[in-house]
Amino acid sequence: MMEQRRSDGSLRHLITLEGLSRAEITALLEHSQRYVCAPGAMPPTNRALAGKTIGNLFTEPSTRTRVSFELAGRRLGAEVLNLEVQLSSRAKGESMLDTIHTLESLHFDAFVIRDSEPGVVAHVAAHVAPHVSVLSAGEAHLSHPTQGLLDALTVQQYKGPDFAKLCVAIVGDIRHSRVARSAYEVFSALGVGELRLIAPAGLMPAPGEFPAGRRHHSPEQGLRDADVIMMLRLQKERMAAAEIPDGAEYFARFGLTRPRLRLARPDAIVMHPQPMNRGIEIASDVADGPQSVIRDQVRNGVAVRMAVLEAVARARPGPR
Ligand code: NCD
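This is a predicted model, so every value here is computed, not measured. Along each chain, numbering runs from 1 in the same order as the chain's sequence is written. Confidence filtering applies because this is a predicted model: local features only for residues at pLDDT of at least 70, side-chain atom pairs given and counted only at 80 or more, and all residues used for totals across whole chains, interfaces and linings. To obtain the side-chain values, all non-hydrogen atoms of the structure were included, while hydrogens and water were left out.

Hey, could you run me through the domain arrangement of the protein chain in this one?
Size of an interface, as often reported, equals the accessible area lost when the parts are brought together. Parsing the protein chain into structural domains produces domain 1 (22-140 + 299-313) and domain 2 (145-289). What fixes the domain bounds is an automatic or database domain assignment. Here domain 1 and domain 2 have C-alpha centroids that lie 26 Å from each other. Contact definition: two residues touch when any of their heavy atoms are within 4.5 Å. Counting residues at the interface gives 22 residues for domain 1, matched by 19 residues for domain 2. Across the domain 1 to domain 2 interface the summed buried area is about 1,700 Å²; carbon plus sulfur atoms make up 57%. We define a polar contact as two N or O atoms separated by no more than 3.5 Å, with the added condition that, inside protein, one atom must be a possible hydrogen donor and the other a possible acceptor, whereas residues neighbouring each other in sequence contribute only through side-chain atom pairs. For the pair domain 1 and domain 2, the interface holds 8 residue pairs in polar contact (both at pLDDT 80 or more). A run of H or I in DSSP becomes a helix once it reaches four residues, and a run of E becomes a strand once it reaches two; helices and strands are each numbered from the N terminus. Elements represented by at least two residues in the side of domain 1 that touches domain 2 include exactly helix H1 (22-33), helix H2 (64-75), strand E3 (110-115), strand E4 (133-139) and helix H11 (294-312). Each residue receives one of three labels: charged for Asp, Glu, Lys and Arg, nonpolar for Ala, Val, Leu, Ile, Met, Phe, Trp, Tyr, Cys and Pro, and polar for the others, Gly being one of them. Tallied by class, the residues present in the side of domain 1 that touches domain 2 amount to 8 nonpolar, 7 polar and 7 charged. Buried area counts how much accessible surface, traced with a 1.4 Å probe, disappears from two parts once they are put together, with both parts' losses summed.

Put into structure tokens, the structure is as follows:
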């Protein structure tokens, strides 16, 4: 695994949540909570990253993650640039690092990277100058650490800090989901009481993955008495054409409808990382219903990314 810490143990990059202790995660969530802003209120800002320059390098589509990293950087006083780059083109090989080194010469301090290929984020992290940090904004199907943190923050806001009493059900295309993998890591680290994986056989992760998760092949079984329901989009971009389930059939068997939601605890919360496919993995009235915390997740995304950007930032020598 890529070492994401400095020699003093502090976090320099954030590529995965693997290896983060419960105390570190709790501290990040506390820090994030200070940046949480009620709808309509003036968002908190400060100058913690004044003078820093952050580059967003996304080679996969993104709305929430890119915009919230951008806002997070700006609200801390940093300059944030969205760069059009081709990161993972293997044919270009070293040209990816040339781009990164060019940006380093332009005094970038951090890169936020989303890429469809495993390993690209860590590869960049391994080759940047010592003062530069690299943050994952989603790596292939493998990890999405800031999403994991914002999901944990959202759960904590509604359910309190004692994860041991919670039953979390993750529903849908778990096999291809980086959101599910990071959720698993963060909820495991926080000591969640029970974790259920609900998916058709073809969308279950490989045996051995998600070792603490209890596998269920129907929502009727898996949703009973759940406290938290995390719905996932079908990641069609990671499936062969023949594997893609029929939308209507999938909704009939796995879609989160009001009757299915009633199987969970009456105060269960419904989450979705978005983008949502209404009428495929979730019914519109559930997505917009009183138990949905989907908009909180988006709001928390900015707060978590502010905390993470601040956590990895270090002062560097001023101009000579
Ligand atoms: C997710 C992603 O890109 O992994 N979106 C997000 O960042 N909120 C989920 C998805 O694409 O389904």
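On we go.
What exactly am I supposed to notice about the packing of aromatic side chains here?
For any two aromatic rings, the description comes down to two numbers: the centre-to-centre distance and the angle of the planes. Ring pairs shown here join Phe, Tyr and Trp side chains whose ring centres sit within 6.5 Å, with only the six-membered ring taken for Trp; geometry is labelled stacked below 30 degrees between planes, edge-to-face above 60, and tilted in between. With the rule as written, the count across this model stands at 4 aromatic pairs. Centre to centre, the rings of Tyr 250 and Phe 254 are 5.7 Å apart; their planes meet at 20°, and the pair counts as stacked. Placement of the pair is Tyr 250 and Phe 254 together in helix H8 (residues 247-254), with a separation of 4 residues, close to one helical turn. Considered together, Tyr 250 and Phe 254 belong to a single accessibility category, that of buried residues. Each residue is placed in one exposure class: buried if its accessible area under a 1.4 Å probe, protein chains only, is under 20% of its type's maximum, exposed if it is over 50%, and partly exposed if it falls in between.

Whenever I open this one, the site of the ligand confuses me. Can you help?
The criterion for a residue being near a molecule or strand is simple. One of its heavy atoms has to lie within 4 Å of it. In the vicinity of the ligand, the contacting residues are Thr 65, Arg 114, His 144, Gln 147, Arg 178, Val 179, Arg 233, Gln 235, Pro 273, Gln 274 and Pro 275. A distance of 3.0 Å is found between an oxygen atom of the ligand and a side-chain nitrogen or oxygen belonging to Thr 65. Per-residue and other accessible areas were derived by the Shrake-Rupley procedure at a 1.4 Å probe size, with only the shown protein chains allowed to occlude residues. Taking 320 Å² as the accessible area of the ligand by itself, protein coverage stands at 93%. Considering only residue class, the shell around the ligand consists of 3 nonpolar, 5 polar and 3 charged.

Help me understand the sheet that holds strand E5 (residues 167-171), please; the structure alone is not making it clear to me.
The pairing of strands in a sheet comes from backbone hydrogen bonds and takes either a parallel or an antiparallel form. In this description, strands pair whenever DSSP reports at least two bridges between them. Across the sheet, which stays open at both edges, the 5 strands sit in the order E7-E6-E5-E8-E9 with parallel pairing between neighbours. Two strands close off the open sheet at either side, each with one partner strand: strand E7 (214-216) and strand E9 (269-271). The average undirected angle you get between the axes of adjacent strands in this sheet is 20°. Bridge analysis of strand E6 (residues 194-198) against E7 gives 3 bridges, and the strand direction is parallel. If you follow Arg 196 over to E7, its bridge partner there is Arg 214. Sheet strands in contact with helix H5 (residues 145-159) are strand E8 (228-231) and E9, and its direction is about 165° off that of E9. Contacting E5, E6 and E8, helix H6 (residues 178-189) runs over the sheet at an angle of about 170° to E5. In this analysis an axis means a line fitted to C-alpha atoms, helices contributing only their contacting stretch, and an angle means the value between N-to-C directions, from 0 to 180 degrees.

For this particular structure, what's the right way to read the pattern of salt bridges?
A side chain of one charge can pair with a side chain of the opposite charge if their charged atoms are brought near each other. For this document, the term salt bridge refers to a Lys or Arg side-chain nitrogen within 4 Å of an Asp or Glu carboxyl oxygen. A complete count under the given rule lists 16 salt bridges for this structure. Across the pair Glu 60 and Arg 178 runs a salt bridge whose closest N-O atoms are separated by 2.8 Å. Of this pair, Glu 60 sits in the loop between strand E1 (53-58) and H2 while Arg 178 sits in helix H6, placing them 118 residues apart in sequence. Under the relative-accessibility criterion, Glu 60 is labelled buried at 13%.

When you look at the nonpolar core in this model, what are you seeing that I'm missing?
Across soluble globular proteins, you tend to see nonpolar side chains buried next to one another. Residues enter a nonpolar core if they are buried and are Ala, Val, Leu, Ile, Met, Phe, Trp, Tyr or Cys, with the set joined through side-chain atoms within 4.5 Å. Of all hydrophobic cores here, the largest spans 81 residues; its most connected members are Leu 149, Ile 170, Phe 187, Ile 229, Leu 256 and Ile 282. When residues of this core are assigned to their parent elements, the largest contribution, 8 residues, is made by H11. When residues of this core are sorted by domain, at least three fall in each of domain 1 (22-140 + 299-313) and domain 2 (145-289). In this structure Phe 187 touches Asp 151, Ala 152, Val 155, Phe 163, Val 168, Val 192, Leu 195 and Met 230, once residues within four positions along its chain are discounted. If you look at the next biggest cluster of nonpolar residues, it comprises 17 residues, including Leu 83, Met 96, Val 128 and Val 134.

Is there a simple way to think about the packing of H2 against H11 in this case?
To characterise two packed helices, one gives the angle between the axes of the helices and the distance between these axes. Contact pair H2 / H11: the axes reach a minimum separation of 8 Å and the direction vectors enclose 50°. Between H2 and H11, the interaxial angle falls into the category oblique. Here H2 and H11 pass one another in a crossing that is right-handed. When H2 is examined against H11, the residues Arg 64, Thr 65, Ser 68, Phe 69, Leu 71, Ala 72, Gly 73 and Arg 75 are found in contact with a partner set consisting of Val 298, Gly 301, Val 302, Arg 305, Met 306 and Leu 309. Class assignment for the residues of the contact of H2 with H11 results in 7 nonpolar, 4 polar and 3 charged. An angle counts as roughly parallel when it lies under 35 degrees, as roughly antiparallel when it exceeds 145, as roughly perpendicular when it falls between 65 and 115, and as oblique in every other case. Here is the rule for handedness: rotate from the far helix to the near one, and if that takes an anticlockwise turn smaller than a right angle the crossing is left-handed, while a clockwise turn gives right-handed.

Looking at this structure, I do not really get the side chain of Thr 53. What am I missing?
Looking at the secondary structure, you find Thr 53 in strand E1. In contact with Thr 53, not counting residues within four places along its chain, are Glu 79, Leu 81, His 107, Phe 108, Asp 109 and Ala 110.

What am I meant to see in the packing of H1 against H5 here?
Interaxial distance between H1 and H5 falls to 10 Å at its minimum, and their mutual angle equals 75°. By the criterion of interaxial angle, the relationship of H1 to H5 is roughly perpendicular. Counting all contacts with H1, which are made through Ile 25, Leu 28, Leu 29, Ser 32 and Gln 33, the residues of H5 involved are Leu 149, Ala 152, Leu 153, Gln 156 and Gln 157. Across the contact of H1 with H5, the residue classes tally to 6 nonpolar, 4 polar and no charged.

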